[in-house]
Amino acid sequence: MTDSPVTGKGRRKPLTPWEHKLLLAVVGIVVILIAIVAVVFFWPSISGGWNKFWNDPAKREQVQHVPIGDLSIELTKTPSPRMQSPPPAQAVASATTEVAMAPEALPQTPAAARSRAMSPYKGFWYEANLTPERLAKLVEDALLRDPTGQQLIDEAKCARDGSCASPMNYLEAARVYDPQARLEHVSELPKYFRSLVLDCTIKGRFMVADIFKPQAGPMRGRTDTSRMSRFIGLAECVFKNPRTGQPIIAQFCANPAGKRVAPPPPAEPPCVTLTFNHKYFEGGKVHWGVGSTTGRLKDHACNAQRQGSGKWEAWGSRCDACIPPVRYLRRLLGSTAEWVQNYAYRTRHSKQTLRFSEEVWTKAVYLCLKASDGSQTCGVYMRPQDWQGRHHVVVPDSLWMADNGDCPN
């Protein structure tokens, strides 16, 4: 009997290396042929679909608006610099001034408009070169549609760029900011607006009204006249009531402007502290004084002392017997120097802090520690040059030396 090509267990003989390579080549050729047939038959529909997509501006906008975290890059909004004609020099200068002096004067870009529209706080009316006549006409048209003044002047514009005023919002703000105008009804607004005059001399920070409107819709939001203030700069004018003299409309955003905001008072300079430790504080005392060629330290809220972390108290009682020799002071400050203030107090804690105004930087301060047994330390002196403009100075413990009759004087 001859051998069968199939083994007794029903398995085919393995392919030789040459047969294996031939099989792979055949499979590769078949895959390539299938790909070619697919391209020939389906390319027209693929090409037409892509062209249709790319020629659709709305879909192309979706592709070219790339979000990055909380930011977004709009690639289709800005034309190529080569395609832009340069703006007139005067316009460039004006825009630069407006940006520097008033944030509301920034160009009304689509991104800025969307940001305002998304905020719960809205503006009144964003429009370049707005005039009182234009504002009066907007209110008149809105009152024709709704005589109560409760509906927005332009609901679509509110959704688009955050211009969400209603006639009633303007009336409420005018009643607060210009009470002498005595406006009673929303129908008086057009005449009131036409009476306003342009004034470019009024500058400074003013309260400015805005509108709280977190939800979309035709009905107005809440007028807020106390939340926001902003600066009316060199490039911006206001519309004022010539009868009362009150500025009422900010030119760049048509938000009602109110009372002038006074600049905050200059901050008081911080106090100067001098901290040291009294090793023998139980039953001990501190003698200290101020030396100067220009007189006493002036009264000041900073002038105080504290033991440990306790409350601040007035400086201790005057001590005429605590005056150290003046000879050493005059070597420090000059021949006209005198000890002009001298104090003594009993200690309840090892940590002691004296507090002064910055005037102390021009003075010398003397410290001496007394123990309950009558012994004392040599004086430690803070000369004017030792302060070095510091507000917190700590006297090292190593500076305290026992007075054995050899202290400098």
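Residues numbered from 1 in each chain as written. Predicted model: local features only at pLDDT ≥ 70, side-chain atom pairs only at ≥ 80, totals over all residues. Heavy atoms only, no water.

Draft legend 1. Just the overall build of the chain, in detail. Each helix and strand in the chain was counted, giving ten helices and 18 strands. By sequence separation, contacts in the chain at least 24 residues apart represent 69% of the contacts at least 6 residues apart. (Helix = DSSP H or I, 4+ residues; strand = E, 2+ residues; numbered from the N terminus. Contact = heavy atoms within 4.5 Å.)

Draft legend 2. Quick peek at the state of the cysteines. In total, this model carries five disulfides according to the counting rule given. Paired through a disulfide, Cys158 and Cys164 show a sulfur-sulfur distance of 1.9 Å. Taking the sign of the S-S torsion, about 85° here, the bridge from Cys158 to Cys164 comes out right-handed. What makes Cys158 buried here is its relative accessible area of 9%. With its sulfur 1.8 Å from that of its partner, Cys200 forms a disulfide with Cys237. In this structure the cystine formed by Cys200 and Cys237 twists about its S-S bond by roughly 95°; its chirality is therefore right-handed. Of this pair, Cys200 sits in the loop between strand E4 (197-199) and strand E5 (204-212) while Cys237 is found in the loop between strand E6 (222-232) and strand E7 (238-240), placing the two residues 37 residues apart along the sequence. A relative accessible area of 40% means that Cys200 is categorised as partly exposed. If one numbers only the bonded cysteines of the chain, in the order they occur, the disulfide pattern is 1-2, 3-4, 5-6, 7-8, 9-10. (Disulfide = S-S within 2.5 Å. Buried < 20%, exposed > 50% of the residue type's maximum accessible area, 1.4 Å probe, protein only.)

Draft legend 3. Molecular detail of the confidence of the model for the chain. In this model, the chain carries an average pLDDT of 79, and 77% of its residues clear a pLDDT of 70 or more. Ignoring residues within four places in sequence, the model shows residues 1-10, a span with pLDDT below 50, making two contacts including any to other chains. For residues 46-107, every residue scores under 50 in pLDDT, and the model assigns this stretch 42 contacts once sequence neighbours within four places are set aside. (pLDDT = per-residue confidence, 0-100.)

Draft legend 4. Fine view of the nonpolar core. Formed by 30 residues in total, the largest nonpolar core has its most connected members in Ile153, Tyr170, Leu189, Tyr192, Phe193 and Ile249. Contributing elements (two or more residues each) for this core: helix H5 (132-145), helix H7 (167-177), helix H8 (189-194), E5 and strand E8 (247-250). Those residues in contact with Tyr192 that sit more than four places away from it in its chain are Ala174, Asp178, Ala181, Leu183, Asn241 and Ile248. Judged by nonpolar contacts, the second largest core, of 22 residues, contains Phe276, Val286, Tyr345 and Leu367. (Core = buried A, V, L, I, M, F, W, Y, C linked by side-chain atoms within 4.5 Å.)

Draft legend 5. Looking closely at the packing of aromatic side chains. The full count for this structure, using the stated rule, is 15 aromatic pairs. Site record: aromatic cluster; members linked through ring pairs are Trp288, Trp315, Tyr343, Phe356 and Trp387. Directly above the ring of Trp125 sits Lys157, whose terminal nitrogen or CZ lies 5.1 Å from the centroid. (Phe/Tyr/Trp six-rings, centres within 6.5 Å; stacked < 30°, edge-to-face > 60°. Lys NZ or Arg CZ within 6 Å of the ring centre and 35° of its normal.)

Draft legend 6. Layout of the environment of Leu183. Among the secondary structure elements, Leu183 is positioned in the loop between H7 and H8. Discounting chain neighbours no more than four positions away, the residues touching Leu183 are Leu171, Ala174, Arg175, Glu188, Leu189 and Tyr192.

Draft legend 7. Local environment of H5. The end-to-end C-alpha distance of H5 is 20 Å, a good match for the 20 Å that 14 residues give at a rise of 1.5 Å each. Taken as a whole, H5 has its buried residues at Pro132, Leu135, Ala136, Leu138, Val139, Ala142 and Leu143. Viewed along the axis of H5, the buried residues span an arc of 160°, placing them on a single side of the element. Residues of H5 that are exposed and point over 90 degrees away from its buried face: Leu144 and Arg145. Looking at the buried residues of H5, the elements they touch are H7, H8, E7 and E8. (Expected span 1.5 Å × (residues − 1). Arc of directions from axis to C-beta.)

Draft legend 8. View of the pairing of E8. Summarising the sheet, E7 and E8 pair through three bridges and their orientation is antiparallel. Bridge pairing in E8 places Phe239 opposite Ile249. (Pairing = 2+ DSSP bridges.)

Draft legend 9. Fine view of the sheet that holds strand E18 (residues 392-394). Ordered by their spatial adjacency, four strands build an open sheet running E12-E15-E10-E18, and the pairing between neighbours is mixed. At either end of the open sheet lies a strand with only one pairing partner, and these are strand E12 (304-307) and E18. Recorded for the sheet is a direction-independent mean angle of 15° between the axes of neighbouring strands. (Axes fitted to C-alpha atoms, helices over the stretch in contact; angles between N-to-C directions.)

Draft legend 10. Expanded view of unusual backbone geometry. Its identity as a non-glycine residue notwithstanding, Asn129 has a phi of 60°, on the positive side. We classify Asn129 as exposed; its relative accessible area is 73%. Phi is positive for Ala254, which is not a glycine, with a value near 60°. Secondary-structure assignment places Ala254 in the loop between E8 and strand E9 (257-260).

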